[in-house]
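Each chain, written out:
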Amino acid sequence: MDIPRIFNITESAHRIHDPFTPEKIATLGAALRLETGTRVLDLGSGSGEMLCTWAHDYGVIGAGIDMSQLFTEQAKLRAEELGVADQVEFIHGDAAGYVSDDKAGVAACLGATWIAGGVVGTIELLAQSLRTGGIILIGEPYWRQLPPTEDVAKGCLADSISDFLMLPELLASFGHLDYDVVEMVLADQDGWDRYEAAKWLTMRRWLEANPDDELAKDVRAKLTSEPSRYAAYTREYLGWGVFALMTR
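The rules we used
- Residues numbered from 1 in each chain as written.
- Predicted model: local features only at pLDDT ≥ 70, side-chain atom pairs only at ≥ 80, totals over all residues.
- Heavy atoms only, no water.
- Buried < 20%, exposed > 50% of the residue type's maximum accessible area, 1.4 Å probe, protein only.
- Helix = DSSP H or I, 4+ residues; strand = E, 2+ residues; numbered from the N terminus.
- Arc of directions from axis to C-beta.
- Contact = heavy atoms within 4.5 Å.
- Phe/Tyr/Trp six-rings, centres within 6.5 Å; stacked < 30°, edge-to-face > 60°.
- Pairing = 2+ DSSP bridges.
- Axes fitted to C-alpha atoms, helices over the stretch in contact; angles between N-to-C directions.
- UniProt positions renumbered as here; feature names shortened; annotations may be inferred.
- Polar contact = N/O pair within 3.5 Å; in protein donor to acceptor, adjacent residues only side chain to side chain.
- Parallel < 35°, antiparallel > 145°, perpendicular 65-115°, else oblique.
- Left-handed = near helix turned anticlockwise from the far one by under 90°.
- Nonpolar A, V, L, I, M, F, W, Y, C, P; charged D, E, K, R; others polar.

A. Expanded view of helix H5 (residues 119-127). Taken together, the buried positions of H5 are Val 119, Thr 122, Ile 123, Leu 125 and Leu 126. Down the axis of H5, the sector holding all buried residues measures 160°, keeping them to one side. Tucked inside the fold, the buried residues of H5 contact strand E1 (39-43), strand E4 (104-110), strand E5 (130-143), helix H7 (167-176), strand E6 (179-186) and strand E7 (238-247).

B. Molecular detail of the packing of aromatic side chains. Scanning the entire structure with this criterion turns up 5 aromatic pairs. Their ring planes at 80° and their centres at 5.2 Å tell us that Phe 20 and Trp 240 sit as a pair that is edge-to-face. One end of the pair, Phe 20, is in the loop between helix H1 (5-10) and helix H2 (22-31); the other, Trp 240, is in strand E7, and 220 residues separate them in sequence. You can call Phe 20 buried: its relative accessible area is 4%. The class of Trp 240 is buried, set by a relative accessible area of 3%. Each ring, one from Trp 143 and one from Phe 164, has its centre 5.4 Å from the other, and the planes form 70°; the classification is edge-to-face. Here the residue Trp 143 occupies a position in strand E5, and Phe 164 occupies one in the loop between helix H6 (150-155) and H7, the gap between them amounting to 21 residues. The residues Trp 143 and Phe 164 share a single accessibility class, namely buried.

C. Representation of the sheet that holds strand E3 (residues 88-92). Strand order in the open sheet made by the 7 strands is E3-E2-E1-E4-E5-E7-E6, with mixed pairing throughout. Looking at the sheet topology across the chains shown, the edges are occupied by E3 and E6. The sheet shows a mean angle of 20° between the axes of neighbouring strands, direction not considered. When E1 meets E4, the two strands line up parallel, connected through 3 bridges. Within E4, the residue paired with Leu 41 across the bridge is Ala 107.

D. Layout of the UniProt feature "domain: Methyltransferase" (unreviewed entry) in the chain. The feature "domain: Methyltransferase" (unreviewed entry), as annotated in UniProt, sits at residues 35-151 in this numbering. Between the end C-alpha atoms of residues 35-151 the distance is 46 Å, and the span holds 30% helix and 32% strand.

E. Layout of the environment of Ser 160. Within the element layout of this structure, Ser 160 appears in the loop between H6 and H7. Since its relative accessible area comes to 16%, Ser 160 is described here as buried. A C-alpha to C-alpha distance of 22 Å links Ser 160 and Pro 4, two positions 156 residues apart in sequence. Ignoring anything within four residues of it in the chain, the contact list for Ser 160 reads Trp 143, Glu 150 and Ala 153.

F. Seen up close, the side chain of Thr 38. Topologically, Thr 38 is positioned in the loop between H2 and E1. Here Glu 35 takes part through its backbone oxygen, which lies 2.8 Å from a polar atom of the side chain of Thr 38. With sequence-adjacent residues up to four places away left out, Thr 38 is seen in contact with Val 60, Ile 61, Gly 105 and Val 106.

G. Spotlight on the packing of H2 against helix H3 (residues 49-58). The interhelical angle for the contact between H2 and H3, taken along N-to-C directions, is 55°, at an axis separation of 10 Å. Taken together, the axes of H2 and H3 are oblique relative to one another. Crossing angle aside, the handedness with which H2 passes H3 is right-handed. Between H2 and H3, the contacting residues are Ile 25, Ala 26, Leu 28, Gly 29 and Ala 30 on the first element and Glu 49, Met 50, Thr 53, Trp 54 and Tyr 58 on the second. The residue inventory of the contact of H2 with H3, partitioned by class, reads 7 nonpolar, 2 polar and 1 charged.

So, in structure tokens, the structure goes:
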């Protein structure tokens, strides 16, 4: 079980696999007023940066589940590095359908709502692992400005304009599901740059070390095209944020 290999290549040097910076993760933890002993469940936990730093800074406990074997191993190493391996565990597995026996005070899925078919299904999934009065965290893209054409939306790696909402509509959609939005922390363009541009050096180094690999041609094509595509489309049109929800 693993994610497509191209992601393990392009994001192998990432600690955070979304447009958040360490400062944004810290801001989110402070905004949630995390307390020592709070249990956090993170579906699609990547390399574990959020869970590990919150365990270190706020004393939370919990678990992360991710399909990438590489990222899961990186998360375990990060927990050791920060001295929190006794507070958090990382499971290599499919987060789709995962329900924790231990109810969490915070149940999160940041940037991986495909695990349950979208935002609605992911909220329903996370709610099954949440204790009464707990908080759901959803990390999701939104349009900073509406793409003028479907081709522009595709340039942002969306299938169509309808894939994402503008921010006011996204916030309203949570209310339609009978949830209050109680906090939000939004990525900025610097966060997008760190997420996207960091892939380019990783790809270049990988190509130098693996010129005969079967994916070398694909990685070369991506390295050639991604800087201009990102600058023209994603950076201008696509936002991303983490939204904290509590059931009404």
